[in-house]
Amino acid sequence: MSDFDYDLFVIGGGSGGVRAARMAAQTGARVALAEEYRLGGTCVIRGCVPKKLMVFASEYGEMVSDARAYGWDIADGTFDWGRFRGQLDAELDRLEGVYRRLLEGSEVTVHDGRARVTGPHEVRVADTTFSAKHILVATGGRPALPEMENAELGITSNDIFKLDALPESILIVGGGYIACEFACILHGLGVEVTQFYRGAQILRGFDGEARGLIAEEMQQRGIDLHLGTNVIGMMPEGTGVRVKATNGSERVYDKVMFATGRTPNTDGLGLEEAGVALGRRGEVVVDDYSQTRVPSIYAIGDVTDRVQLTPVAIREGMAFADTVFRGQPTPVDHALIPSAIFTQPEMGTVGLSEEDAREAGPIEVYCTSFKPMNTAFAGRPDRVLMKLVVCAETRRVLGCHIVSPGAGEMIQLAGIAVKMGATKEDFDRTVAVHPTVSEELVTMRAPVRTA
Ligand code: FAD
């Protein structure tokens, strides 16, 4: 029996923390977990899950008009935000209950409250201090508001799920995936959406051609996207916000949403006092095994600011449990992580963008863009894009980028091939599935560019 209250104390009941706690408890370790808000964390309560349900809700409008083109006799529907929000709240309550039961079933002791590290082996929750052989920091991140006067007039992604009513108009500030996804969602739900992004193109870091097509498609659907544009001043006006912009425009929006980045949750956590190193943005600095400078303290997930995705936080949690509780030192492989952006149209991507691959050596680019059968039949001008970036020397597919409805589902499967090191010739010798959009991935014969 050790001298500690617990073998492991996990701070944060989100994707990473919950998985690590359960995996450690399965080895017989005595595990506690503290959560200050709701079990499930960002992903379940104010991230992936409610967002994806809103994506589904927002897609029905177009489906109704497409259905008419396919011969269905359907009246125009109206969207009832109140009814949807009621269903959404009930679903999130259900999922939170599932997470609590999973932890209890694994015999993890849950402390509902804010935790603070008070030493290399000590955690304090409310008035009680607990000792633990190991501490795992899995506190995630939060949306950051820009430093400007009246920034608090804006809302963030945290607030979107709790709106009492949908605004008639919204300005979304930011060009990352969260900004673009909410621009598409809210537009699909009937909100008049304006988006400002200070850079030259949205979705920085992703493949240039794919970003360009998404921007075009968003504009063509009716999102008023302004690139190279930022907010310079905000004032309350009536129930809305008057916004002055760098492009000289000035108007009142019902709501302004900032999606301008996320900050790791390390403020007031006691980490630096305990000897843990933090990076420039407040992220916990860890090694390949998620260990901090203090040997008994580890950190995983968004708070480490490596790759901010749920499956990555989960992987890091499992690798931590293997390393510390199963005696199997396991680094997390952050290479070739497939991911999706749930804009309309969706994007699925794995590996290097054309721009990054070109820096690394000679490449061949295979790319096609066309109107897919489904929406073309309904008279819509939507285009999709399929792209492979291939190393000219090894023939390996270095990057695969898909912009299309269902791209998130497609890239999960293409990701396996890319992760296995598939060459362009491996793609070519795979027989096409016809008629599908993704068959183009295995039928592109000649490169459109070499570099
Ligand atoms: P979190 O899930 O943030 O959990 C941290 C938990 O710690 C929180 O519950 C918090 O309340 C708690 N906490 C913080 N401080 C303390 C404290 N001192 N004491 C006790 N508890 C504390 N990822 C995807 O893979 N796909 C997506 O489609 C996707 N969509 C997203 C959409 C949005 C709008 C957002 C914001 C994020 C999205 N993400 C998505 C990212 C994903 O949600 C995160 O990467 C993931 O939740 C990180 O998990 P985590 O365990 O590190 O942290």
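For the structure itself, consult the block above.
Throughout what follows, the structure given in this document is the object of discussion. Computed from a predicted structure; not experimentally measured. (Residues numbered from 1 in each chain as written. Predicted model: local features only at pLDDT ≥ 70, side-chain atom pairs only at ≥ 80, totals over all residues. Heavy atoms only, no water.)

## Observations regarding the site of the ligand
Defined as follows: Residues are classed as near a molecule or strand on a simple rule: at least one heavy atom within 4 Å of it. Each polar contact in these results corresponds to two N or O atoms within 3.5 Å; when the atoms are within protein, one needs to be able to donate a hydrogen and the other to accept it, and residues that are neighboring in sequence are counted only if both atoms are side-chain atoms. With residues, only the protein chains shown are counted as cover, and all accessible areas are computed by Shrake-Rupley using a 1.4 Å probe. By definition, any uninterrupted DSSP run of H or I lasting at least four residues is a helix, any uninterrupted run of E lasting at least two residues is a strand, and each is numbered from the N terminus. Throughout this entry, Asp, Glu, Lys and Arg are counted as charged residues, while Ala, Val, Leu, Ile, Met, Phe, Trp, Tyr, Cys and Pro are counted as nonpolar. The remaining residues, Gly among them, count as polar. Domain segmentation is taken from an automatic or database assignment of domains.
Around the ligand sit 38 residues in total, of which G16, E35, T42, K51 and D302 are the nearest. A distance of 2.5 Å separates an oxygen atom of the ligand from a polar atom in the side chain of K51. The contact in question runs from a nitrogen atom of the ligand to an N or O atom on the side chain of R114, over 3.3 Å. Protein contacts shield 96% of the accessible area of the ligand, which totals 1000 Å² for the unbound molecule. Every element with two or more residues in the shell around the ligand is listed here: α1 (15-25), β2 (31-35), α2 (41-46), α3 (48-69), α6 (177-188) and α8 (310-325). Here the shell around the ligand takes 4 residues from α2, the largest share from any one element. Broken down by class, the residue content of the shell around the ligand amounts to 15 nonpolar, 15 polar and 8 charged. Residues from two domains meet in the shell around the ligand; each of domain 1 (6-141 + 263-325) and domain 2 (151-260) gives at least three.

## Regarding the packing of aromatic side chains
Here is the rule we go by: Geometry of aromatic contacts follows a simple scheme: Phe, Tyr and Trp rings, the Trp one being its six-membered ring, pair when their centres are within 6.5 Å, and the pair is stacked under 30 degrees between planes, edge-to-face over 60, tilted otherwise. Think of it as a cone above the ring: NZ of Lys or CZ of Arg counts as a charge over the ring if it is within 6 Å of the ring centre and within 35 degrees of the ring normal.
Counting across every chain of the model gives 9 aromatic pairs. The ring of Y366 carries the charged tip of K424 above its face, separated from the ring centre by 4.3 Å.

## Focus: the environment of S353
Put simply, the rule is: Accessible area is worked out with a 1.4 Å probe on protein chains only. A residue is then buried under 20% of its type maximum, exposed over 50%, and partly exposed in between. Should any heavy atoms of two residues lie within 4.5 Å, those residues are counted as being in contact.
Take S353: it is sitting in the loop between β18 (347-351) and α9 (354-360). Note on S353: relative accessible area 4%, which makes it buried. For S353 and L388, which are 35 residues apart along the polypeptide, the C-alpha to C-alpha distance reads 9.3 Å. Residue contacts for S353: discarding those within four places in its chain leaves F206, D207, V389 and H401. Polar side-chain contacts of S353 include one of 3.1 Å to the backbone nitrogen of D356.

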